[in-house]
Structure formats: structure tokens, C-alpha cells
Amino acid sequence: MVASSALVLAILHNIPFLFAVGIFSGYMNITGYAILRQKRQGFLNQTGLLERVTSVLMLLFSLYFLGYGIYILFQRDYFGLVFIFFAQSSFRMLWQDWRLFKQQGVAPSTWLLVHLTRMIGTSIAAYTAFLVVNSSSRVSLVGWFLPALLGVPIIVYWSRKLKKKRTL
């Protein structure tokens, strides 16, 4: 719902950044759910139609984010770095998904780490969208950063905890 509403609002109000947030959070949500579904059904290293279509779409949007970010930078607008960050993060997740589906050097318990990081990332995007849309212009800057400032340490904590547990 959050990703869909972000995409609709971004298109209606011509807000490229909100569009990027919608695509990015939608991808994290779909893949976070898909990895849990695969784990439950016992076929972690198999890609279904959902995973393939989502990955191809994310790859295309990642290329768009990269190109748009570079374009904005050439306009002397440093906000282009945000789009480049989305592209870089998307490429990293796509690489992680590809390795996970092919089971190349991936621990079997990686599914939990992928699920947690993607779902917490989706939550960060949802809270960001809520705070920005429902805040006055004076505090909207806080809305853009507060969810990430609170959510990223949670991702780091669980990532370290799960990685440590896998090595024991």
C-alpha cells in the first residue's frame, strides 16, 4: 500500500524522489516477502516468476536512478547523489538476490537476514512517507531523516547479531 500510494502521489504531483522511494520500498517489500515464502515452501534457491519480474524491473529502475542522478548532478544539483544512492543500494540488493537464488557462497540462514533487512527498510520508507506527508514544511526535513536514523541502527544490530550467530 505504501509503495503504491507513493507511486500514485509521485506521478500526480511530479515528485521524482517520492517515485524513487515508492519503487525502492516496493522492491524491498516484495523481495522480503518472497524470501520468507520461499523458506516456508522449502525452495530457497529457486526463482519464481515474481522474483524474475521484480528483479528485471528493479534493474531497469536502478539504471534509471543512476542516469537521472548523474543528469541532476550535471545540473549542479547535489540531490542527484540521492538517486545515485538508490541505484547503488538497488544494485547491491539485486546482486544479493542473484547470489541467494544461485546459492553461490551464501549461508543457508541468510534468508532471515534478507527478510529482516528488507522489511525494516520497507518500514523506514513507510514511516518516512507518513511523516513527510503529514508534517508542516518546517519539520518535514526531520521526517525525511528520522526514520532512517532510527531504523538503520536496528538493521545494523540484527545484521551483526545474525552474522555472528552464523559463524558460531
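Chemist: It is not clear to me how unusual backbone geometry should be interpreted in this structure. Could you clarify?
Modeler: Peptide bonds are trans in most cases, and residues, glycine excluded, mostly fall at negative phi. Unlike most non-glycine residues, asparagine 14 shows phi in positive territory, near 55°. Mapped onto the secondary structure, asparagine 14 falls in the loop between helix H1 (2-13) and helix H2 (16-41). Note on asparagine 14: relative accessible area 65%, which makes it exposed. Even without being glycine, arginine 76 reaches a positive phi, approximately 65°. The residue arginine 76 is located in the loop between helix H3 (49-74) and helix H4 (80-102) in this model. Given the relative accessible area of 75%, arginine 76 is considered exposed.

Chemist: Help me out: how do you make sense of H1 in this one?
Modeler: Helical periodicity: at 3.6 residues per turn, an α-helix aligns residues three or four positions apart in one direction. Between its first and last C-alpha atoms H1 spans 16 Å; for 12 residues at 1.5 Å apiece the expected length is 16 Å, and the two agree. Among the residues of H1, those classed as buried are Ala3, Ala6 and Ala10. All buried residues of H1 project into a common sector of 60° when viewed along the axis, lining one side. Within H1, the exposed residues directed more than 90 degrees away from the buried face are Ile11 and Leu12. Phi for asparagine 14, located one or two positions after H1, is positive at around 55°.

Chemist: I tried to follow the pattern of salt bridges on my own but got confused; where do I start?
Modeler: A side chain of one charge can pair with a side chain of the opposite charge when the charged atoms of the two come close. Summed over the entire model, instances satisfying the criterion amount to one salt bridge. Here arginine 118 and aspartate 97 are joined by a salt bridge, their closest N and O atoms 2.9 Å apart. Of this pair, arginine 118 sits in helix H5 (residues 110-133) while aspartate 97 is found in helix H4, placing the two residues 21 residues apart along the sequence. Like aspartate 97, arginine 118 is buried.

Chemist: Sorry, what's going on with H3 here?
Modeler: Taking 1.5 Å per residue as the helical rise, H3 with its 26 residues ought to reach 38 Å, and the 38 Å between its terminal C-alpha atoms agrees with that figure. Taken as a whole, H3 has its buried residues at Glu51, Thr54, Ser55, Met58, Ser62, Phe65, Gly69 and Ile72. Arginine 76 lies just past H3 and shows a positive phi near 65°.

Chemist: Help me understand the environment of phenylalanine 24 in this model?
Modeler: By the secondary structure assignment, phenylalanine 24 is in helix H2. Sequence separation of phenylalanine 24 and alanine 3 is 21 residues, and the distance between their C-alpha atoms is 8.2 Å. Each residue touching phenylalanine 24, except ones within four places of it in the same chain, is listed here: Phe86, Ser89, Ser90 and Met93.

Chemist: What's the story with a nonpolar patch on the surface in this structure? I'm lost.
Modeler: A cluster of nonpolar side chains, contributed by Leu49, Val53, Val56, Leu57, Leu59, Leu60 and Leu63, occupies part of the molecular surface with about 650 Å² of accessible area. With respect to the helices and strands, leucine 59 occurs in helix H3. Residue leucine 59 is classed as partly exposed on the basis of its relative accessible area of 39%.

Conventions adopted
- Residues numbered from 1 in each chain as written.
- Predicted model: local features only at pLDDT ≥ 70, side-chain atom pairs only at ≥ 80, totals over all residues.
- Heavy atoms only, no water.
- Helix = DSSP H or I, 4+ residues; strand = E, 2+ residues; numbered from the N terminus.
- Buried < 20%, exposed > 50% of the residue type's maximum accessible area, 1.4 Å probe, protein only.
- Expected span 1.5 Å × (residues − 1).
- Arc of directions from axis to C-beta.
- Salt bridge = Lys/Arg side-chain N within 4 Å of Asp/Glu carboxyl O.
- Contact = heavy atoms within 4.5 Å.
- Patch = residues over 30% accessible without salt bridge, like charges linked within 9 Å, V, L, I, M, F, W, Y side chains within 5 Å.
- Areas by Shrake-Rupley, 256 points an atom, 1.4 Å probe, with all protein chains shown as cover.

These figures come from the coordinates and say nothing about function on their own.
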